[in-house]
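Listed here are the chains, written in short residue letters.
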Amino acid sequence: MKFRLSSGPLVDAGRAAKIMEELLKKVRESTSGIRQVIPVMSGKGGVGKSLMTASLALALRELGKNVAILDADLHGPSIPWLMGVVNDSMRATKEGRILPVMADGVGIVSVDLALERKDTPLAWRGPIKTRAILDLLSLTDWGQTEYLLVDLPPGTGDEALTILRYLKPRLGGAVLVTIPGGLVKHVVQKAINFLRIIGAPLLGVVINMAYFRCPVCGTRHEIFGEVSVPTNVKVLAEIPIDPELAKHVSRGELRKYFRLESAWKRAVIDAASEILKALEKQA
Ligand SMILES: Nc1ncnc2c1ncn2[C@@H]1O[C@H](COP(=O)(O)OP(=O)(O)O)[C@@H](O)[C@H]1O
Ligand SMILES: [Mg+2]
């Protein structure tokens, strides 16, 4: 049976509060098999956050970990495309539990995998988005997931608040993805302050597109300028710009590229190892 989204009937505020309470209880029960949640955030869009989320999941899997991804970027879901499962659908058990779509051992949950038509845009506002994320969390059969990576939309909106607030007991720590440059530094500081206010730990920052290495002469070019993160924040890894990667991604072949040897892949594996170290230190 395919799992399909439905929008429930409208209810009054008192009833809504009760529904919410029940939902949170269900979320706590359903996520009890997840060891640690790792939200992947960015100050702004287009820095390669979704690609990094998918790649980190593949890297953690290669390091022998049990990993799943929750695609919480409801307006711009990219995880199914990146993981090469865009035409798949999540299935539901007889009891109505959602089964993640599996790709190379990584479980994937996304609203995009529950839509009848993939070109349907979700024009949802705050409370409905919160509800949708909590529904996905509470309905999914997560099994024994060691690490749940959550691809959040850029910035500090409803989706990030929902995940950080309601999954707080299971939060391992957030990973911030950024690119070099002045504007980015400004928005990264905002995201760092956001985490501090909420009281969520930050594992560190992944600097994506940190440099381009000339394939002819080997010179390192810093295309987007210098890397600058606040001194008290750990840099987990510097990831190169890789045109071959971009080609594979646009064909939906990230998993294929990940199987090949490259400087990009080594950097992603480094980032995943550093994340595991940071989680250990946190514990
Ligand atoms: N290190 C990299 N080298 C080459 N292309 C990259 C790299 N990181 C990301 N990209 C490309 O940048 C684009 C945006 O990435 P995406 O993960 O969708 O960003 P975000 O989720 O932050 O909006 C994608 O087309 C992706 O292939
Ligand atoms: Mg994205």
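Look up: the structure comes first, before these words.
Note that the structure is a prediction, hence the values are computed from the model and not measured. Residue positions are counted from 1 within each chain, in the order its sequence is given. Each chain is given a letter, starting from A, and each ligand a number, starting from 1, according to the order in which they appear as written. Residues qualify for local features only when their pLDDT is at least 70, as the model is predicted, and side-chain atom pairs are given and counted only at 80 or more; totals for whole chains, interfaces and linings, by contrast, use all residues. Computation of side-chain values covers all heavy atoms of the structure but excludes hydrogens and water.

Novice: I'm lost on the overall build of the protein in this one. Help?
Specialist: Each helix corresponds to a stretch of at least 4 residues labelled H or I by DSSP, and each strand to a stretch of at least 2 residues labelled E; elements are numbered beginning at the N terminus. What the protein contains, in helices and strands, is nine helices and 11 strands. Using C-alpha atoms as the atom set, the radius of gyration is obtained and then compared with a globule rule of 2.2 Å times the number of residues to the power 0.38. A compact globule built from 283 residues would reach a C-alpha radius of gyration of about 19 Å, and the protein, at 19 Å, matches this within 12%. A principal-axis box enclosing the C-alpha atoms of the protein has dimensions of 65 × 40 × 35 Å. Only protein chains enter the calculation, and the probe is 1.4 Å; a residue is then buried if its accessible area is under 20% of its type maximum, exposed if over 50%, and partly exposed in between. Within the protein, buried positions represent 51% of all 283 residues. Restricting to contacts in the protein with at least 6 residues of sequence separation, those with at least 24 account for 80%. In these tables, accessible area is a Shrake-Rupley quantity obtained with a 1.4 Å probe, and a residue counts as shielded only by the protein chains included in the view. Per element, the accessible surface of the protein, about 13,600 Å² overall, is 54% carbon and sulfur. Two residues form a contact once any of their heavy atoms are found within 4.5 Å.

Novice: Quick question: what am I supposed to make of the site of ligand 1 here?
Specialist: Throughout this document, a residue counts as near a molecule or strand when at least one of its heavy atoms sits within 4 Å of that molecule or strand. Neighbouring ligand 1 are 15 residues; Gly46, Lys49, Ser50, Leu51 and Asn208 lie closest to it. The separation between an oxygen atom of ligand 1 and a polar main-chain atom of Gly48 is 3.0 Å. For ligand 1, a nitrogen atom lies 2.9 Å from a polar atom in the backbone of Pro240. Here ligand 1 has 570 Å² of accessible area as a free molecule, and 75% of this is covered by the chains. Points on a 1 Å grid, built from protein atoms alone, make a cavity when a 1.4 Å probe fits but cannot get out and make a pocket when they are open with protein on both sides within 12 Å along at least 5 of 7 lines; residues with an atom within 4 Å of a point are the lining residues. Pocket occupancy is defined atom-wise: a molecule lies in a cavity or pocket when more than half of its atoms are within 2 Å of its grid points. When each cavity is represented as a set of grid points, ligand 1 is found to reside in the second largest pocket. Residue assignment for the shell around ligand 1 shows that the elements contributing at least two residues are α2 (49-62), β9 (202-213) and α7 (243-250). Residue type decides the class: Asp, Glu, Lys and Arg count as charged, Ala, Val, Leu, Ile, Met, Phe, Trp, Tyr, Cys and Pro as nonpolar, and the leftover types, Gly among them, as polar. Here the shell around ligand 1 is composed, by residue class, of eight nonpolar, five polar and two charged. Pairing of N or O atoms within 3.5 Å defines a polar contact, subject to two protein rules: one partner must be a possible hydrogen donor and the other a possible acceptor, and residues neighboring in sequence count only if both atoms are side-chain atoms.

Novice: Is there a simple way to think about helix α5 (residues 158-166) in this case?
Specialist: Along an α-helix, residues three or four apart share an orientation, since each turn contains 3.6 residues. Taken as a whole, α5 has its buried residues at Glu159, Ala160, Thr162, Ile163 and Leu164. In the core, the buried residues of α5 are packed alongside β1 (34-41), β2 (67-71), α4 (126-139), β7 (145-151) and α6 (182-198).

Novice: Is there a simple way to explain the layout of surface pockets in this structure?
Specialist: Where empty space is left can be seen by rolling a probe of water-molecule size over the atoms. Grid points are joined across faces, edges and corners, and a volume is the space filled by probe spheres set on the points. Within this model, the second largest pocket holds a volume of roughly 370 Å³. Going through the elements one at a time, α2, β9 and α7 are the ones with two or more residues in the lining of the second largest pocket. Considered class by class, the residues forming the lining of the second largest pocket number 13 nonpolar, seven polar and four charged.

Novice: Please explain the environment of Pro39 as it appears in this structure.
Specialist: Summarising the element assignment, Pro39 is placed in strand β1. C-alpha of Pro39 to C-alpha of Lys129: the two residues are 90 residues apart in sequence and 16 Å apart in space. Ignoring any residue separated from it by four or fewer positions in sequence, one finds Pro39 in contact with Val150, Leu152, Ile163, Leu164, Leu171, Gly173, Ala174 and Val175.

Novice: Any chance you could explain the side chain of Asp71 here in plain terms?
Specialist: Here Asp71 lies in strand β2. Buried charged residue Asp71 carries no salt bridge. Nearest counter-charge: Lys49, at 7.4 Å. A distance of 3.0 Å separates a polar atom in the side chain of Asp71 from a polar atom in the side chain of Ser110. Apart from residues lying up to four places away in sequence, Asp71 is in contact with Pro77, Ser78, Ile79, Pro80, Val109, Ser110 and Asp151. By the counting rule applied here, Lys and Arg register as positive and Asp and Glu as negative, while His and the ends of each chain are not counted. Salt bridges are identified by distance alone: a Lys or Arg side-chain nitrogen within 4 Å of an Asp or Glu carboxyl oxygen.

Novice: Could you clarify how one ought to interpret the nonpolar core in this entry?
Specialist: Nonpolar side chains in soluble globular proteins tend to be buried together. Throughout, nonpolar core names a set of buried Ala, Val, Leu, Ile, Met, Phe, Trp, Tyr and Cys residues whose side chains join them through atoms within 4.5 Å. Among the nonpolar cores identified, the biggest contains 94 residues, and Leu70, Met83, Met90, Leu137, Leu148 and Leu254 are the most heavily contacted of them. Ranked by residues supplied to this core, first place goes to helix α9 (residues 263-282) with 10 residues. Discounting chain neighbours no more than four positions away, the residues touching Met83 are Ala54, Leu58, Ile69, Ala103, Val106, Ile108 and Arg255.

Novice: What's the story with the pattern of salt bridges in this structure? I'm lost.
Specialist: Close approach of charged atoms allows side chains of opposite charge to pair. Applying the stated rule across the entire model yields 17 salt bridges. Here Lys247 makes a salt bridge to Glu244, at a shortest N to O gap of 3.2 Å. Separated by three residues within a single helix, Lys247 and Glu244 lie in helix α7, roughly one turn from each other. The residue Glu253 makes a salt bridge to Arg251 at a minimum N-O spacing of 3.0 Å. Salt bridges sharing partners connect three or more residues here, namely Asp104, Arg255 and Arg259.

Novice: How should I be thinking about the side chain of Thr162 in this particular structure?
Specialist: By secondary structure assignment, the location of Thr162 is in helix α5. If we skip the residues at most four places from it in the chain, Thr162 touches Thr130, Ile133, Leu134 and Leu167.

All quantities given are derived from atomic positions and should not be read as evidence of function.
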